[in-house]
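Structure assessment
In case you want the letters, here they are:
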Amino acid sequence: MAALPYPQWDPICPVDAATARGMLPESGAGIQDVRMRRLTWGAVPALLTLSVVLASCSAAGTSGSAPKVVDIPSQKISPSALSQSLLVLQQAYVNLYKEVSPAVVQISTKSDLGSGIIFNAQGDIVTNNHVANGFKSFQVTLANGKQYPGTLVNNFPPDDLAVLHINATGLQPATFANSAQLQVGDIVMAIGNPLGFQSSATDGIISAVGRTVSEPNGVTLPDIIQTSAPINPGNSGGALVDLQGQVVGIPTLAALDQQLGGSQASGIGFAIPSSVVANIAGQIVKYGKVQTSDRSCIGVKVEQVTGSDGQDAGVLVTSITRASDSQAGLKAQDVITAVNGQPTLAVQDLTNALANLGPGKKITLSVTHADGSKGTVSITLGELSANSCA
């Protein structure tokens, strides 16, 4: 068997200094209980080693009265009826893969490999920004094996999205669903290039909606979809699709289990919702950039404050980049400790607090001033662009 690429995880990179709601710079932020791993696949030849981690658990008995026994009615299903139902579901999976897989591509850079989705018949392809990873040129491989050079149209780091372009004809673009209609329990399929295995499919359900998760570089992503569909390095930028053959999200992150030494947690993956993808990619295709992000921000640069006990103690404002924030009374060297009464003792707490607030909303910051006095500052949130807060 030929040697397969060895996985390389994206390094933790510094963030541009000027933003909030997922774009406040990470500067010594505290360790989080749940960490995230981006799902790109490094293109360095090596042998693929598969490791199986066996976990065991025990249950200790508890004292007390015996539980009540309740009869639960059951319904008998004939083997033939069950078999027929499974065959119908199986055929739905087969049809789904045949319909959607031609719209999912493999994207290769000098260092990584990921996935992408054909956005339109004109050759625009949407993927994660961390798949593009700062490169301007790419090799794009279609599901039929044809390869094309790709170029970057533009990206939008706050939502971890980018659009590439290839000059090709006969492309089969994907259809994007309204992700607001997703429900927990919906069956989904993830299609991408995990570990370099092109056009692979896994299945699962929607485990939760409306999650707020953070990437390794400190970018906070709101309204994220959680899925049990197995997603692995190389799935980033691919398609999470429903049984109607519509894209409902782009797989982006996997949770890491600290109790297993930081290895990838089974059945906990996260995807950017399709409504966000269609909106951001649509603007990049039409205007060449994102004009309206619907993402809020504070125009500050910040650092983490740690108390004498080693615990997070607030978020230090090192400088202010937006005049209206200064005019509202926020000052450099202020330490932000709460947003609308919600404690924000870590940088990540602040970005999480802002994650679901829209531009133009007025908020109240609890601050400790440089002289030790405490107070509040009411500011109106700005709108986040690719690298600034307006």
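Residues numbered from 1 in each chain as written. Predicted model: local features only at pLDDT ≥ 70, side-chain atom pairs only at ≥ 80, totals over all residues. Heavy atoms only, no water.

Points about the packing of aromatic side chains
As enumerated under the stated definition, the model contains 1 aromatic pair in all. With centroids separated by 5.5 Å and ring planes inclined at 55°, the aromatic side chains of F119 and F176 adopt a geometry described as tilted. Pair noted here: F119 is in the loop between β6 (112–118) and β7 (124–128) and F176 is in the loop between β10 (161–165) and β11 (187–192), with a separation of 57 residues, a long-range link. (Phe/Tyr/Trp six-rings, centres within 6.5 Å; stacked < 30°, edge-to-face > 60°. Helix = DSSP H or I, 4+ residues; strand = E, 2+ residues; numbered from the N terminus.)

Structural notes on the state of the cysteines
Counted under the stated rule, the structure contains 1 disulfide. Here C297 pairs with C389 through a disulfide, and the sulfurs are 2.0 Å apart. Linking C297 and C389, the disulfide has an S-S dihedral of approximately 90° and is accordingly described as right-handed. Here C297 is found in strand β17 (residues 296–297), whereas its partner C389 is found in the segment after β24 (382–383), with 92 residues between them in sequence. Take C297 and C389: they sit in the same class, and that class is buried. (Disulfide = S-S within 2.5 Å. Buried < 20%, exposed > 50% of the residue type's maximum accessible area, 1.4 Å probe, protein only.)

Re the environment of P230
For P230, the position within the fold is in the loop between β13 (220–227) and β14 (239–242). Residue P230 is classed as partly exposed on the basis of its relative accessible area, which comes to 39%. Here the alpha-carbon distance between P230 and A201, two residues 29 residues apart in the chain, equals 9.0 Å. Filtering out sequence-adjacent residues up to four positions away, P230 remains in contact with A190, T202, D203 and N235. (Contact = heavy atoms within 4.5 Å.)

Points about the pattern of salt bridges
Using the criterion set out here, one finds 2 salt bridges in the structure. For R295, the salt bridge is made with D159, and the minimal N-O distance between the two is 2.4 Å. Pair noted here: R295 is in the loop between α3 (274–287) and β17 and D159 is in the loop between β9 (147–156) and β10, with a separation of 136 residues, a long-range link. What makes D159 buried here is its relative accessible area of 6%. (Salt bridge = Lys/Arg side-chain N within 4 Å of Asp/Glu carboxyl O.)

Quick word on the confidence of the model for the protein chain
Any segment with low pLDDT has predicted coordinates that should not be analysed in fine detail. Counting all residues, the mean pLDDT for the protein chain is 83, and 81% of those residues have values of 70 or more. Ignoring residues within four places in sequence, the model shows residues 1–34, a span with pLDDT below 50, making 107 contacts including any to other chains. Within the model, the stretch residues 43–63 combines pLDDT values under 50 with 18 contacts to residues more than four positions away or in other chains. (pLDDT = per-residue confidence, 0-100.)

Examining the nonpolar core
Within soluble globular proteins, side chains that are nonpolar generally end up buried alongside one another. Counting 33 residues, the largest nonpolar core has I117, V126, F176 and V241 as the members making the most contacts within it. For this core, the secondary-structure elements that each account for two or more residues are α1 (79–100), β10, β11, β13, β14, β15 (247–257), β16 (263–273) and α3. Those residues within four positions of V126 in sequence are excluded, and the remaining contacts are G116, I117, F119, L161, A162, F176, G237, I250, V277 and A281. One finds I298, L350, L354 and V377 within the second-largest nonpolar core, a separate group that totals 19 residues. (Core = buried A, V, L, I, M, F, W, Y, C linked by side-chain atoms within 4.5 Å.)

Examining unusual backbone geometry
Notably, N133 is not glycine yet its phi reads approximately 55°, a positive angle. Within the element layout of this structure, N133 appears in the loop between α2 (129–132) and β8 (137–141). Looking at N133, the relative accessible area reads 32%, which means it is partly exposed. One non-glycine residue, S199, lies in the positive phi region at around 55°. If you trace the backbone, S199 turns up in the loop between β11 and β12 (200–214).

Overview of α3
Here α3 contains 14 residues, and its C-alpha end-to-end distance of 19 Å stays within 8% of the 20 Å for a straight helix at 1.5 Å per residue. Three or more residues of α3 are buried, namely S274, V277, I280, A281, Q283 and I284. With its phi angle positive at about 85°, G288 sits one or two positions after the end of α3. (Expected span 1.5 Å × (residues − 1).)

Looking at helix α5 (residues 347–354)
Of all 8 residues that make up α5, 6 are buried, and the element is covered over most of its length. Those residues of α5 that sit buried are V347, Q348, L350, T351, A353 and L354.

Let's talk about the pairing of β11
Here β11 lies mainly inside the structure; 5 of its 6 residues are buried. Examined bridge by bridge, β11 and β12 share 6 bridges and lie antiparallel to one another. Looking across to β12, one finds that M189 is bridged to D203. When β11 meets β14, the two strands line up antiparallel, connected through 4 bridges. Residue pairing across strands places V188 opposite D242, the latter belonging to β14. (Pairing = 2+ DSSP bridges.)

A word on the side chain of T109
Following the sequence through the fold, T109 ends up in the loop between β5 (104–108) and β6. A residue is classified by how much of its surface remains accessible, and T109, at 12% relative accessible area, is buried. T109 has contacts with V131, A132, F135 and F138, leaving out every residue within four places of it along the chain.

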